[in-house]
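The chain contents come next:
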Amino acid sequence: VKELSLKEVVENAVKANAKSLIGNKIKIKIENLDQKIFSDEKWVLFILNQVISNAIKYKKEEAEISFCARCEKNEILLEIRDNGIGISPKDLPRITDKGYTGTTGRNYQKSTGMGLYLCKKLCSKLQLSFYIESKEEEYTKVTIGFPRNSMIFLNEECLQIIMYIHILVKTQISQWNLKFRKRSN
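Rules used throughout
- Residues numbered from 1 in each chain as written.
- Predicted model: local features only at pLDDT ≥ 70, side-chain atom pairs only at ≥ 80, totals over all residues.
- Heavy atoms only, no water.
- Helix = DSSP H or I, 4+ residues; strand = E, 2+ residues; numbered from the N terminus.
- Buried < 20%, exposed > 50% of the residue type's maximum accessible area, 1.4 Å probe, protein only.
- Contact = heavy atoms within 4.5 Å.
- Areas by Shrake-Rupley, 256 points an atom, 1.4 Å probe, with all protein chains shown as cover.
- Disulfide = S-S within 2.5 Å.
- Axes fitted to C-alpha atoms, helices over the stretch in contact; angles between N-to-C directions.
- Parallel < 35°, antiparallel > 145°, perpendicular 65-115°, else oblique.
- Left-handed = near helix turned anticlockwise from the far one by under 90°.
- Nonpolar A, V, L, I, M, F, W, Y, C, P; charged D, E, K, R; others polar.
- Phe/Tyr/Trp six-rings, centres within 6.5 Å; stacked < 30°, edge-to-face > 60°.
- Lys NZ or Arg CZ within 6 Å of the ring centre and 35° of its normal.
- Polar contact = N/O pair within 3.5 Å; in protein donor to acceptor, adjacent residues only side chain to side chain.

What follows covers the overall build of the protein chain. Counting secondary structure elements, the protein chain contains six helices and seven strands. Within the protein chain, the fraction of its 185 residues that count as buried is 38%. When contacts within the protein chain are restricted to residue pairs at least 6 apart in sequence, those whose partners lie at least 24 apart make up 68%. Summed over all atoms, the accessible surface of the protein chain reaches about 11900 Å², with 51% contributed by carbon and sulfur.

This model, assessed by the stated rule, comprises zero disulfides. The structure places no disulfide on C123, whose sulfur is separated from the nearest cysteine sulfur, that of C119, by 6.6 Å. C123 sits in the buried class, given a relative accessible area of 0%.

The interhelical angle for the contact between helix 1 (residues 6-16) and helix 3 (residues 41-57), taken along N-to-C directions, is 50 degrees, at an axis separation of 9 Å. Classified by the angle their axes make, helix 1 and helix 3 are oblique. For helix 1 against helix 3, the interelement crossing comes out right-handed. Contacts between helix 1 and helix 3 involve V9, V10, N12, A13, V14 and A16 from the first element and E41, V44, L45, L48, N49 and I52 from the second. Residue classes in the contact of helix 1 with helix 3 are distributed as nine nonpolar, two polar and one charged.

Okay, the packing of aromatic side chains next. As enumerated under the stated definition, the model contains one aromatic pair in all. Taken together, a centroid distance of 6.0 Å and an interplanar angle of 70 degrees make the contact between W43 and F46 edge-to-face. Linking W43 with F46, this pair stays in helix 3, spanning three residues, or about one helical turn. Exposure remark for F46: the relative accessible area of 32% places this residue in the partly exposed category. The aromatic ring of Y139 is capped on one face by R81, whose charged end is 3.9 Å from the ring centroid.

Its place among the elements puts T140 in strand 7 (residues 139-147). Residue classification places T140 among the buried residues on the basis of a relative accessible area of 10%. Of note is the side chain of T140, whose polar atom sits 3.0 Å from the side chain of S134. With near-sequence residues (within four places) excluded, T140 lies in contact with I80, R81, D82, G86, I87, I132, E133 and S134.

Written out as structure tokens, the structure reads:
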């Protein structure tokens, strides 16, 4: 996990998909991405590639994908919105379930039901939020929330180490105090 430029990560994902985006005549809009995020670049690129791939698969005429960031109190939210065929309301609650393809996946393209499942799992591992909203025949919006600072990554193991060090220091100070008192007497 390191500090990354959100704009550079998004631009790299767009470049990686340039051939498909150009071949499918998909317009890209990038707005307000001059933000710093904390994450693992390789896995964030994997997630973005999957979202872009889905937007390409389920596009309509005059297709467009927009990338926009906004700041909330504790996180930077990256919103990726397409104007494709959208997701059925009955499918939306299950689209990140392992192996779930839904009506759209079965009707339009061969779908494994693994892409969004992996995105959700990776976001969880990276301590990122991951939300999808959609309106059938209008849009799909994927929102990924990145922590505003790197302190969020202090996991349970790190906290245990910090507590252990705190106890050691406290014990050492107590021992010094005892030695000092003995010398004073």
